[in-house]
Amino acid sequence: MRDAKPRKDKSTAKAAAAERPAGVRPPDAARIPGASVHTSLANEIGLRIVRGDYPPGTILPNEAKWSETFSVSRSAVREAIKMLMAKSLLASRPKIGSWVEPKERWNLLDRDVLAWYATSPDREVFLKTVQEFRHIIEPEATAFAAMRRTDEQMAEISLACREMGEATSLQERTRADTRFHLAILRASGNDLLVPLGVLIESAFDHLFAYTTRELDDLSHAQKLHETIEKNIRLRRPDAARSAVRKLLANTDGVIQSR
């Protein structure tokens, strides 16, 4: 690998492992297939920040320490830190180093940050946050979709709904569920909702995967989605809005009961 340091002998490797902080995975564990070294390193450090390994205000290890821990070059460390600063997870100053910013400054609409947030120990808070967002956005977006959708957009919504019902695995159903809701946001005709929907795609994936696993009656959930699809197709905005609220209430029940 281009940024990797020369291989250490066994005694040196054992010493490095002994010095590695608790919970730090071996160097290769930070790699994402197909990703650059600094991107993989940013993913590893970012995940630890969001899950609470490094609370806000924590001064992070310096470049030399990160380089040693993950067996990467200092330039890769610098690029990883820059990526995390761009996501507002970190701030940095000369002679002080990098520290973790307060959570309210984090860019939670960033795809990576959302993905890290979704896998943090405080998953219940994450699920409730996503669900609150849906209550704010989806009923009215669905009503607009019922008024504004094109035939092509309707076909996309209907296909996703049908694929949900025909799915044979959790992954297939979750992906179809996410496509269904994102297609509705696009069909609403509001230009601001389209990029917003794309950004929260990973959040929807995690939420739907969780609720699908926990649902006692998938057929009931499927019928709720089909009712939404029907009312958008028949251009009934009030009925579509009401149908979404029933679906959200059903999801609320699943989250609150666990």
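Look up a bit, the structure's there.
Everything numeric here is computed off the predicted structure, so don't read it as measured data.

Visitor: Residue-level account of the environment of Leu-159, with values.
Guide: Relative to the elements of secondary structure, Leu-159 occurs in helix H7 (residues 151–166). In sequence terms Leu-159 and Arg-179 are 20 residues apart; their C-alpha atoms lie 9.3 Å from each other.

Visitor: So what's going on with the pairing of strand E1 (residues 90–93)? Which residues, and what values?
Guide: In this structure, E1 lies alongside strand E2 (residues 97–100), joined through four bridges in antiparallel fashion. Along E2, the bridge assignment pairs Leu-90 with Val-100. Hairpin geometry of E1 and E2 is characterised by an intervening segment of three residues between the two adjacent antiparallel strands and by a positive phi of about 70° at Lys-95.

Visitor: Tell me about the packing of aromatic side chains, and name the residues and values.
Guide: Counted by the stated rule, this structure contains four aromatic pairs. Through pairs of rings, three or more aromatic residues link up here, namely Tyr-54, Trp-66 and Phe-70. Stacked on the ring of Phe-204, the Lys or Arg Arg-134 has its end atom at 5.9 Å from the ring centre.

Visitor: Please provide a residue-by-residue account of the nonpolar core, values included.
Guide: Membership of the largest hydrophobic core comes to 42 residues, with the highest contact counts inside it found for Ile-49, Leu-60, Trp-66, Leu-84, Leu-89 and Phe-126. With seven residues, helix H2 (residues 37–50) is the largest single contributor of residues to this core. Apart from residues no more than four positions distant in its own chain, Leu-60 is found in contact with Ile-45, Ile-49, Tyr-54, Trp-66, Leu-90, Ser-98 and Val-100. The next biggest cluster of nonpolar side chains, apart from the first, holds 20 residues, and it includes Ala-187, Ile-228, Ala-240 and Leu-247.

Here is what the cut-offs are and how they apply
- Residues numbered from 1 in each chain as written.
- Predicted model: local features only at pLDDT ≥ 70, side-chain atom pairs only at ≥ 80, totals over all residues.
- Heavy atoms only, no water.
- Helix = DSSP H or I, 4+ residues; strand = E, 2+ residues; numbered from the N terminus.
- Pairing = 2+ DSSP bridges.
- Phe/Tyr/Trp six-rings, centres within 6.5 Å; stacked < 30°, edge-to-face > 60°.
- Lys NZ or Arg CZ within 6 Å of the ring centre and 35° of its normal.
- Core = buried A, V, L, I, M, F, W, Y, C linked by side-chain atoms within 4.5 Å.
- Buried < 20%, exposed > 50% of the residue type's maximum accessible area, 1.4 Å probe, protein only.
- Contact = heavy atoms within 4.5 Å.

In short, geometric facts, not functional conclusions.
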